Amino acid sequence: MRIGTGTWIVAGLVVVALGCVLTGFLPRTAAGALGERIAPVLGFVVAITIVAELARDAAVFDVVSQRLARWGRGRVVVLWALVVVLAVVSTVFLSLDTTAVIVTPVVVVLAQSIGVSPLPFALATVWLANTASLALPVSNLTNLLAAPAMGEGPGAFIALSWAPTLVGILVPVAILTVLHRRTVFGTYETPVPRRPADPTLFWSATGILVVLMPLLALTPVVWIPAAVAALALILLFAVRRRRALRLSLVPWQALALAASLFVLVETAHVQGLLDFLTSATADGDSLGDLFRLAALGAVSANAINNLPAYLVLEPAAGDPVALMALLIGVNLGPLVTPWASLATLLWHHRVTALGVEIRWGRFALWGAVAAVPTVVLATLVL
């Protein structure tokens with residue numbers, strides 16, 4: 001079996017991170033505190049990934065996409081709006097990776113099946129996977145890390161995030177609508193509806209998702225309802241379709257990458273290698289400080305990926321408002337480079353496998369056109 005370059009890179013990061021811990025370069029007390037902070041975060045990532053994958057296997061997303069096609073009544077602009085809503089709901093409640101990995105192939109195949117160009121639908125899912133991920137703590141791994149410093153409960157986070165999130169949704173969608181107006185304002189023939197292979201499995205999985213999504217928005221400790229939902233789906237599949245239960249449901253590589261980055265950046269902070277960043281601390285009162293922090297987050301995310309960018313710059317955010325400005329940069333900004341977020345890399349793998357050609361030069365150009373006004377306007381409304 002051929003091992004990909006990405007796997008080798010992650011393996012190397014794991015070895016270096018383990019070396020930092022075992023040699024004491026990251027002191028034991030600091031490592032313990034880091035473990036207490038990231039364990040619930042990584043636990044949520046595992047649980048929500050299992051939920052999304054098993055919901056996909058139960059045909060939840062396929063049936064939803066077919067229903068959207070019928071609701072569109074042959075008008076692409078209506079279907080376009082419905083797909084945007086699907087991508088936003090998926091991102092907000094089930095995380096950006098769910099939209100990139102699971103919703104993307106569903107809407108691409110839907111577009112292909114009705115004879116419509118899949119490109120605008122594919123771009124909508126990857127852009128919204130990033131820009132709609134500012135809404136809730138559960139929407140993005142960076143949010144989960146920042147949420148405890150925002151205040152008590154999800155309400156404190158939402159109070160700061162709702163207006164920038166609206167900007168993050170409306171601006172990219174408006175740009176895509178204008179850019180692909182010939183496709184968006186076309187027509188199509190409504191496809192024949194298909195029933196799920198196992199209706200019991202479908203309706204049970206749908207019910208679990210319907211219960212889970214509001215709990216993720218209301219519960220401060222989000223890993224608990226996510227873990228309960230994952231366990232319920234595992235038991236359901238154990239009875240109805242045991243072969244769908246597989247070790248690959250757990251995102252091992254993503255977990256290893258995230259854990260390694262946590263350790264490496266924490267080690268750099270403890271050793272004082274990143275102290276120079278504290279000079280850029282924003283106090284939340286100056287618009288210039290917020291712009292600078294958001295811009296630095298966006299540029300860093302496109303340069304080195306949004307997760308390490310957030311971890312490196314987190315000490316530079318001195319209060320909840322400044323922290324939200326940083327999240328605007330690292331969540332809404334990474335639309336330019338392929339490696340800016342893990343979701344973009346996962347998305348690219350899915351769309352190319354479905355025959356959609358992505359030219360990175362054009363992708364970067366239009367990503368920059370969308371990212372700049374989105375980050376600027378989101379910071380203004382913050």
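Draft legend 1. Representation of the overall build of the chain within the structure. Within the chain one finds 17 helices and 0 strands. Its C-alpha atoms give the chain a radius of gyration of 21 Å, near enough to 21 Å, the size a compact globule of 382 residues would have. With respect to the principal axes defined by its C-alpha atoms, the chain has extents near 60 × 45 × 45 Å. Here the chain holds 382 residues, and 53% of them are scored as buried. In the chain, the share of contacts with a sequence separation of at least 24, taken over all contacts with a separation of at least 6, comes to 80%. Taken as a whole, the chain presents about 16900 Å² of accessible surface, with 68% of it coming from carbon and sulfur. The centroid of the 21 positive side-chain charges in the chain is displaced by 18 Å from the centroid of its 16 negative side-chain charges.

Draft legend 2. Structural detail: helix 5 (residues 96-113). Its 18 residues give helix 5 an end-to-end C-alpha distance of 25 Å, which sits within 8% of 26 Å, the value for a rise of 1.5 Å per residue. Helix geometry: helix 5 is bent most strongly at Val103, by close to 40°, with proline Pro105 lying one to four residues after it. For helix 5, a buried count of 14 out of 18 residues is recorded, marking the element as mostly surrounded by other parts of the structure. Within two residues after helix 5, Gly115 carries a phi angle of roughly 75°, on the positive side.

Draft legend 3. Spotlight on the nonpolar core. Core analysis: the largest hydrophobic core is formed by 134 residues, its most contacted members being Phe121, Phe262, Tyr310, Leu327 and Trp347. Tallying contributions element by element places helix 2 (residues 28-57) first for this core, with 14 residues. Sequence-distant contacts of Leu327, that is, excluding residues within four places in its chain, are made with Leu134, Thr142, Asn143, Ala146, Met150, Phe157, Tyr310 and Leu332.

Draft legend 4. Expanded view of the packing of aromatic side chains. All told, the structure shown has 4 aromatic pairs when counted by the stated rule. Geometrically, the ring pair formed by Trp80 and Phe121 is edge-to-face, given 5.5 Å between the ring centres and 80° between the ring planes. Residue Trp80 is located in helix 4 (residues 76-94), and its partner Phe121 is located in helix 6 (residues 119-131); the two are separated by 41 residues in the primary sequence. Seen in terms of ring centroids, Phe202 and Trp203 are 4.9 Å apart; in terms of plane orientation they differ by 70°. Their pairing is edge-to-face. Accessibility expressed as a relative area gives 6% for Phe202, which makes it buried. Ring-pair connections join several aromatic residues into one group, and the members of that group are Trp347, Trp360 and Phe363.

Draft legend 5. Spatial organisation of the pattern of salt bridges. A complete count under the given rule lists 8 salt bridges for this structure. A salt bridge links Arg246 to Asp57; the shortest N-O distance between them is 3.1 Å. With Arg246 in the loop between helix 11 (223-240) and helix 12 (252-270) and Asp57 in helix 2, this pair connects stretches of sequence that are 189 residues apart. Through salt bridges that share partners, Glu53, Arg56, Asp57 and Arg246 make up one connected network.

Draft legend 6. Main features of the environment of Leu293. Structurally, the position occupied by Leu293 is in helix 13 (residues 287-304). A C-alpha to C-alpha distance of 44 Å links Leu293 and Arg70, two positions 223 residues apart in sequence.

Draft legend 7. Just the side chain of Glu53, in detail. In this fold, Glu53 is placed in helix 2. Within the local environment of Glu53, its side chain forms a polar contact with the side chain of Arg56, the two groups lying 2.2 Å apart.

Draft legend 8. Up close: the confidence of the model for the chain. Of the residues in the chain, 96% have a pLDDT of 70 or more, and the chain-wide mean is 87. When mean pLDDT is taken per element in the chain, helix 15 (residues 320-332) scores highest with 95 and helix 16 (residues 342-353) scores lowest with 82.

Draft legend 9. Expanded view of the layout of surface pockets. Estimates place the volume of the largest pocket at around 1400 Å³. Of all the elements in the fold, those that place two or more residues in the lining of the largest pocket are helix 1 (5-22), helix 2, helix 5, helix 7 (141-146), helix 12, helix 13, helix 14 (306-313) and helix 16. With 8 residues, helix 2 is the largest single contributor of residues to the lining of the largest pocket. By volume, the second largest pocket amounts to about 620 Å³. Forming the boundary of the second largest pocket are 26 residues, of which Val60, Val63, Val64, Phe202 and Thr206 lie nearest the centre. Broken down by secondary-structure element, the contributors of at least two residues to the lining of the second largest pocket are helix 3 (60-71), helix 4 and helix 10 (199-218). With 9 residues, helix 3 is the largest single contributor of residues to the lining of the second largest pocket.

Draft legend 10. Quick peek at the packing of helix 3 against helix 4. Direction vectors running N to C along helix 3 and helix 4 enclose 150°, while the axes themselves pass 8 Å from each other. Taken as axis vectors, helix 3 and helix 4 run roughly antiparallel relative to one another. Our pair here, helix 3 against helix 4, has a crossing hand that is right-handed. Residues Phe61, Val64, Leu68, Ala69 and Trp71 of helix 3 form the contact with helix 4, whose participating residues are Val78, Leu79, Leu82, Val83, Leu86 and Leu94. Looking at the contact of helix 3 with helix 4 residue by residue, the class counts come to 11 nonpolar, no polar and no charged.

Draft legend 11. How the structure looks around a nonpolar patch on the surface. Taken together, the side chains of Leu287, Val372, Val376, Leu377, Leu380 and Val381 present a nonpolar region at the surface, about 480 Å² in accessible area. Considering each element in turn, the nonpolar patch owes the most residues, 5 residues, to helix 17 (residues 360-381). For Leu287, a relative accessible area of 42% corresponds to the partly exposed category.

Draft legend 12. Just the environment of Ala31, in detail. Mapped onto the fold, Ala31 is located in helix 2. Separated by 235 residues in sequence, Ala31 and Glu266 place their C-alpha atoms 8.4 Å apart.

Rules of the game
- Residues numbered from 1 in each chain as written.
- Predicted model: local features only at pLDDT ≥ 70, side-chain atom pairs only at ≥ 80, totals over all residues.
- Heavy atoms only, no water.
- Helix = DSSP H or I, 4+ residues; strand = E, 2+ residues; numbered from the N terminus.
- Rg over C-alpha atoms; globule rule 2.2 N^0.38 Å.
- Buried < 20%, exposed > 50% of the residue type's maximum accessible area, 1.4 Å probe, protein only.
- Contact = heavy atoms within 4.5 Å.
- Areas by Shrake-Rupley, 256 points an atom, 1.4 Å probe, with all protein chains shown as cover.
- Lys, Arg positive; Asp, Glu negative; His and termini not counted.
- Charge placed at Lys NZ, Arg CZ, Asp CG, Glu CD.
- Expected span 1.5 Å × (residues − 1).
- Bend = angle between axes of the 7 residues up to and from the residue.
- Core = buried A, V, L, I, M, F, W, Y, C linked by side-chain atoms within 4.5 Å.
- Phe/Tyr/Trp six-rings, centres within 6.5 Å; stacked < 30°, edge-to-face > 60°.
- Salt bridge = Lys/Arg side-chain N within 4 Å of Asp/Glu carboxyl O.
- Polar contact = N/O pair within 3.5 Å; in protein donor to acceptor, adjacent residues only side chain to side chain.
- pLDDT = per-residue confidence, 0-100.
- 1 Å grid on protein atoms, 1.4 Å probe; cavity = no way out; pocket = protein on both sides within 12 Å on 5 of 7 lines; lining within 4 Å.
- Points joined across faces, edges and corners; volume = space filled by probe spheres on them.
- Axes fitted to C-alpha atoms, helices over the stretch in contact; angles between N-to-C directions.
- Parallel < 35°, antiparallel > 145°, perpendicular 65-115°, else oblique.
- Left-handed = near helix turned anticlockwise from the far one by under 90°.
- Nonpolar A, V, L, I, M, F, W, Y, C, P; charged D, E, K, R; others polar.
- Patch = residues over 30% accessible without salt bridge, like charges linked within 9 Å, V, L, I, M, F, W, Y side chains within 5 Å.

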